[in-house]
Amino acid sequence: MNYSDNKVTDIQIAYIGGGSRGWAWTFMTDLALEEQISGTIRLYDIDENAARINESIGNHLMQRKESRGDWRFETKSTLAEALTGCDFVVISILPGTFDEMESDVHLPERLGIWQSVGDTAGPGGMIRALRTIPMFVTFAEAIRTYAPDAWVINYTNPMSLCVKTLYHVFPEIKAFGCCHEVFGTQKVLKGICELCCGEKNIDRRDIHVNVMGINHFTWFSSASYRGIDLFPVYREYIDKHFDEGYSLEGENWMNSSFQCANRVKMDLFRRYGLIAAAGDRHLAEFMPGDEYLKDPETVTSWKFGLTSVKWRKDDLRKRLERSARLYSGQEEMELQPTGEEGILLIKALCGLGRVVSNVNIPNSGRQLTNLPPEALVETNAVFEYNAIHPVIAGAVPEGVRGLLMPHLENHERILEAALDYDREKVVQAFLNDPLVKGKRCTEADVRALVNDMIANTAGYLGDGWKK
């Protein structure tokens, strides 16, 4: 990297999963709008043709007159080529295909286990982790060999286990996980504050929050806006509007696989006293299976949706069609800020400012004082030149801690299961999972489900699973 005139040039970023038709485009857009940093994006993907298409899309984007960025996109055929000499590594991959995810999400329905996302918690998240962890072992080993000093930014789910694996293989790695779910809850608080307090045009970044929890099951223990304590404001809004909930401007939970009326987080606030800080689809999966995800009718009553894998396959088809249009020049990418913070964090690590943001890293600094030091947790951290300083968030209230612990225990079980090909640990993790426990399934049924789900993803697992 080169420094001059409040700019940093010649930054080398390796993008693992560079053929992405989602995050890669988000990343490109934010890079195109940024003037202070520039350099090369090295795209690596097991689908090299997809990376080459994104290379063309990215380089075309940088040539547009309204683009302020100065980046060159290059496809690399190996991890060694992508990583050697890089300053940052971005990881954004789909572990397997949507055929495997179809089993992750929908096979448990035979036991009445409904999943609204299926990529983080519950049976789907755990089986997804079994095929993801070996990939992240490979990434960690390659980073240790070719780019040991690089900062590593993960966007892949299951977030906690992905980042946990990186540190397990390479303890000195400088890795962190980024997730935008906290931003969505800040937007909810922004909207409610504007409605109830007479404020206007609040920037969600000015909603200051203390973040504690794990990815997709994150909580605010405090929230304020310019001297206004938002907890009483939020409580009063819930008391008056609990039945209809709150939808962000322009959103309608009935017309989207991702939107919600935020009634689950409001209910959790009433029950536990903290503001649950993720989308309702994610929050519901961490709770017992006889609550928010009891059945599709119950899901509808809470005003969120079950994201089917059929929807994801249809969406992928549309994104592939869009990729072809972007590649051929039939369509131009819209140049508007995406609201993500990855570029801000890279700038801060380059010395261009100081940023406070939520981040997924080990609890080795005891950010959460009553959770295990080996836990992979999500809290705020200060990003500045070549450093991340986790913010001490304090002790998690016992009620919420009780909700977190089964999932932290399962993180350990699933990591060990993936590394040791231990089917019994997967069974025990399923039996310990609140979604499964809430359905009161028999152990025999759970064992059969584990065997079938592993068989359906066997193409992405090692030979050790054949025993």
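Before reading further, recall that the structure is shown in the block above.
The following refers to the structure shown. (Residues numbered from 1 in each chain as written. Predicted model: local features only at pLDDT ≥ 70, side-chain atom pairs only at ≥ 80, totals over all residues. Heavy atoms only, no water.)

### Structural notes on the packing of helix H14 (residues 398–420) against helix H15 (residues 423–432)
Stated formally: Orientation is described by axes fitted as lines to C-alpha atoms, over the contacting stretch for helices, and by angles from 0 to 180 degrees between their N-to-C directions. Every helix listed is a DSSP run of H or I at least four residues long, and every strand listed is a run of E at least two residues long, numbered separately from the N terminus. Note on terminology: angles under 35 degrees are roughly parallel, angles over 145 are roughly antiparallel, angles of 65 to 115 are roughly perpendicular, and the others are oblique. By convention, the crossing between two helices is left-handed when the near helix turns anticlockwise from the far helix through less than a right angle, and right-handed when the turn is clockwise. Here, residues are in contact when the closest pair of their heavy atoms is within 4.5 Å.
At their nearest, the axes of H14 and H15 sit 9 Å apart, and the two run at 165° to each other. Here H14 lies roughly antiparallel to H15, going by the angle between them. In the packing of H14 onto H15, the handedness of the crossing is left-handed. The segment H14 lies against H15, with Pro 406, Glu 409, Asn 410, Arg 413, Ile 414, Glu 416 and Ala 417 engaging Lys 425, Val 426, Gln 428, Ala 429 and Asn 432.

### Some details on the pattern of salt bridges
What counts, and what does not: For this analysis, a salt bridge means a side-chain nitrogen from Lys or Arg found within 4 Å of a carboxyl oxygen belonging to Asp or Glu. Only protein chains enter the accessibility calculation, which uses a 1.4 Å probe. A residue is then buried if its area is under 20% of the maximum for its type, exposed if over 50%, and partly exposed in between.
For the coordinates displayed, the defined rule picks out 33 salt bridges. A salt bridge links Asp 280 to Lys 265; the nearest nitrogen and oxygen atoms lie 3.3 Å apart. Highlighted residues: Asp 280 in helix H10 (residues 280–285) and Lys 265 in helix H9 (residues 263–272), separated in sequence by 15 residues. Overall, the relative accessible area of 2% leaves Lys 265 in the buried class. In this structure, Glu 416 engages Lys 425 in a salt bridge whose closest nitrogen and oxygen atoms are separated by 3.8 Å. Overlapping salt bridges, with partners in common, bring together Arg 64, Glu 66 and Glu 332 in one network.

### Quick notes on the side chain of Asn 363
Note the threshold: Under this definition, polar contacts are N or O atom pairs within 3.5 Å; protein pairs additionally need one hydrogen-donor-capable and one acceptor-capable atom, and for neighbouring residues in sequence, both atoms have to be side-chain atoms.
One can find Asn 363 in the loop between strand S12 (355–362) and strand S13 (376–384). By relative accessible area, Asn 363 is classed as buried at 0%. Polar contacts involving the side chain of Asn 363 include one to the main-chain amide nitrogen of Gln 367, which spans 3.0 Å. Engagement of the side chain of Asn 363 in a polar contact is seen with the backbone oxygen of Leu 371, the distance being 3.1 Å.

### Quick notes on the packing of aromatic side chains
Selection criterion: Paired rings are identified among Phe, Tyr and Trp, the last through its six-membered ring, by centres lying within 6.5 Å, and are further divided according to the angle between planes into stacked (under 30 degrees), edge-to-face (over 60) and tilted (the rest). Placement of a positive charge over a ring is assigned whenever Lys NZ or Arg CZ falls within 6 Å of the ring centre and within 35 degrees of the normal to the ring plane.
Tallied over the full model, the rule gives 14 aromatic pairs. Ring centres 4.6 Å apart and planes at 5° place the aromatic pair Phe 217 and Phe 286 in the stacked group. Residue Phe 217 is located in strand S9 (residues 217–225), and its partner Phe 286 is located in the loop between H10 and helix H11 (296–301); the two are separated by 69 residues in the primary sequence. The exposure class of Phe 286 is buried, given its relative accessible area of 3%. An angle of 85° between the planes, with centres 6.2 Å apart, marks the rings of Tyr 421 and Trp 465 as edge-to-face. Here Tyr 421, found in the loop between H14 and H15, pairs with Trp 465, found in the segment after helix H17 (443–456); they are 44 residues apart in sequence, far enough to count as distant. Among the aromatic residues, those joined into a ring-pair cluster are Phe 217, Trp 219, Tyr 272 and Phe 286. The ring of Phe 242 carries Arg 263 above its face, with NZ or CZ at 4.6 Å from the centroid. One residue, Arg 270, lies across the ring of Phe 242, its end atom 4.3 Å from the ring centre.

### Description of helix H2 (residues 48–63)
This is how the line gets drawn: Multiplying 1.5 Å by the residue count of a helix minus one yields the expected span of that helix.
The end-to-end C-alpha distance of H2, which contains 16 residues, comes to 23 Å, matching closely the 22 Å that a straight helix rising 1.5 Å per residue would cover. Tucked inside the fold, the buried residues of H2 contact helix H1 (23–32), strand S3 (37–44), strand S4 (70–75) and helix H12 (309–328).

### Some words on the side chain of His 216
With respect to the element layout, His 216 can be found in the loop between strand S8 (208–214) and S9. Here His 216 falls in the buried class, since its relative accessible area comes to 4%. At 3.5 Å, the side chain of His 216 forms a polar contact with the side chain of Asn 215. When near neighbours in sequence (up to four residues on either side) are disregarded, His 216 contacts Asp 119, Thr 120, Asn 157, Cys 179, Glu 181, Ala 278, His 282, Leu 283, Phe 286 and Glu 378.

### So, a nonpolar patch on the surface
Quick note on the threshold: Patches draw on residues past 30% relative accessible area with no salt bridge. Two like charges within 9 Å are joined, as are two nonpolar side chains (Val, Leu, Ile, Met, Phe, Trp, Tyr) within 5 Å. A 1.4 Å probe and the Shrake-Rupley method give the accessible areas. Residues count as covered only by the protein chains that appear here.
A contiguous nonpolar patch, built from Met 1, Tyr 3 and Tyr 385 and spanning about 340 Å² of accessible area, is present on the exposed surface. Mapped onto the elements, Met 1 comes out in the segment before strand S1 (2–4). Given the relative accessible area of 37%, Met 1 is considered partly exposed.

### Looking at H14
Since one α-helical turn is 3.6 residues long, residues separated by three or four positions face the same way. The following threshold applies: The bend at a residue is defined as the angle formed between two axes, one fitted to the seven residues ending at that residue and one fitted to the seven starting there.
In this model H14 runs 33 Å from its N-terminal to its C-terminal C-alpha over 23 residues, within 8% of the 33 Å that 1.5 Å per residue would give. The largest bend in H14 is about 30°, located at Leu 404, with the proline Pro 406 one to four residues further on. Directly after H14, the chain includes Tyr 421, whose backbone phi takes a positive value near 55°.

### A closer look at the nonpolar core
Soluble, globular proteins show a tendency: their nonpolar side chains are buried together. Formally: As used here, the term nonpolar core means buried Ala, Val, Leu, Ile, Met, Phe, Trp, Tyr and Cys residues forming a set that is joined through side-chain atoms within 4.5 Å.
Ranked by size, the top nonpolar core spans 113 residues in total, and within it Val 89 and Leu 130 carry the most contacts. Among the elements that take part in this core, helix H5 (residues 122–146) stands out by supplying 11 residues, more than any other. Once residues lying within four places of it in the same chain are set aside, the contact partners of Val 89 are Ala 14, Ile 16, Leu 83, Ile 143, Ala 150, Trp 151, Val 152 and Ile 153. Within the second largest apolar cluster, 44 residues are counted, among which are Ala 51, Phe 73, Leu 326 and Ile 343.

### Digging into unusual backbone geometry
Put simply, Asn 157 and Pro 158 share a cis peptide bond, and its omega is 5°. Position of Pro 158 relative to the elements: it lies in the loop between strand S6 (151–154) and helix H6 (159–169). Phi at Asn 6 is positive, roughly 60°, even though this residue is not glycine. Although it is not a glycine, Arg 366 sits at a positive phi angle of roughly 50°. Tracing the sequence through the fold places Arg 366 in the loop between S12 and S13.

Read these as geometric descriptors, not functional statements.
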